[in-house]
Amino acid sequence: MKKVAIIMGSTSDLPVVRKSAEVLRDFGIPFEAHVYSAHRTPEEARSFAVSARENGFGVIIAAAGMAAHLAGALAAGTTLPVIGIPINSALGGLDALLSTVQMPSGIPVATVAVDGAKNAAFLAAEILAVEDETLAKKLADYRAKNAADILNKDGNVVNEL
Ligand code: RP5
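Before going into details, it helps to say that this report is about the structure given with it. Fair warning: this is a prediction, and the values are worked out from it, not measured in the lab.

### Regarding the pairing of strand S2 (residues 31-35)
For step 1, the next point in the chain: Sheet analysis places strand S1 (residues 3-8) next to S2, joined by 5 bridges and oriented parallel. Across the sheet, the residue bridging to Val-4 is Phe-31, located in S2.

### Focus on the layout of surface pockets
For step 1, the next point in the chain: Computed from the structure, the largest pocket encloses a volume of approximately 290 Å³.
For step 2, the next point in the chain: The wall of the largest pocket is formed by 17 residues, among which Gly-9, Ser-10, Ser-37, Arg-40 and Gly-65 lie closest to the centre.
For step 3, the next point in the chain: Of the residues contributing to the lining of the largest pocket, the split by class is 7 nonpolar, 8 polar and 2 charged.

### A short note on helix H4 (residues 94-101)
For step 1, the next point in the chain: Burial in H4 covers these residues: Asp-95, Ala-96 and Thr-100. Viewed along the axis of H4, the buried residues span an arc of 120 degrees, placing them on a single side of the element.
For step 2, the next point in the chain: Check the buried side of H4 and you find it contacts strand S3 (57-65), helix H3 (70-75), strand S4 (82-87) and strand S5 (110-111).

### Looking at the sheet that holds S4
For step 1, the next point in the chain: Read from one edge to the other, the open sheet built from 5 strands follows the order S2-S1-S3-S4-S5, with strand pairing classed as parallel. In this open sheet, the two edge strands, each paired with only one partner strand, are S2 and S5.
For step 2, the next point in the chain: Sheet topology places S1 next to S3; 6 bridges connect them, and they run parallel. From the neighbouring strand, Ala-5 faces S3, where its bridge partner is Ile-60.
For step 3, the next point in the chain: Here H4 sits on the sheet and contacts S3, S4 and S5; the angle it forms with S4, its principal contact strand, is near 160 degrees.

Thresholds applied
Residues numbered from 1 in each chain as written. Predicted model: local features only at pLDDT ≥ 70, side-chain atom pairs only at ≥ 80, totals over all residues. Heavy atoms only, no water. Pairing = 2+ DSSP bridges. Helix = DSSP H or I, 4+ residues; strand = E, 2+ residues; numbered from the N terminus. 1 Å grid on protein atoms, 1.4 Å probe; cavity = no way out; pocket = protein on both sides within 12 Å on 5 of 7 lines; lining within 4 Å. Points joined across faces, edges and corners; volume = space filled by probe spheres on them. Nonpolar A, V, L, I, M, F, W, Y, C, P; charged D, E, K, R; others polar. Buried < 20%, exposed > 50% of the residue type's maximum accessible area, 1.4 Å probe, protein only. Arc of directions from axis to C-beta. Contact = heavy atoms within 4.5 Å. Axes fitted to C-alpha atoms, helices over the stretch in contact; angles between N-to-C directions.

Shown next as structure tokens:
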């Protein structure tokens with residue numbers, strides 16, 4: 001299976017990014033994590049992106065806050081799908097959301113919600129599952145279990161009132 005890269009702009013992003021790692025681990029998806037910043041270590045970020053495909057990666061998750069150019073900068077260096085997680089470190093995350101999502105045509109970044117690290121990992125899994133039936137089955141099973149849990153709560157909610 002291709003690996004997922006989790007790139008964060010700062011170790012201060014770790015509390016959010018950790019949730020991506022947990023989901024990937026639960027689904028048995030191999031991943032690597034790195035701290036590269038679009039602004040503080042631009043050469044390293046670029047170098048990672050341009051060699052990511054030949055290094056066995058299938059998807060890149062990029063988490064950054066404030067003037068969050070990391071996902072876009074990585075996307076500029078690869079045709080692998082890049083998923084951006086805007087981190088809420090200032091202005092309620094709106095700064096990072098807009099910086100991540102508003103990409104020029106031809107260089108897309110699939111942007112999840114502010115601090116949406118779990119969904120970034122689920123989306124990465126779905127991308128890899130296009131060519132992986134076993135993973136697709138795991139994702140379908142997860143959804144079925146999730147639905148059953150919610151319906152179970154639906155049945156019990158009257159007792160809470
Ligand atoms: C961004 O600036 C990082 O991704 C982080 O979310 C934010 C603040 O970084 P630190 O000043 O905490 O390192 O580059």
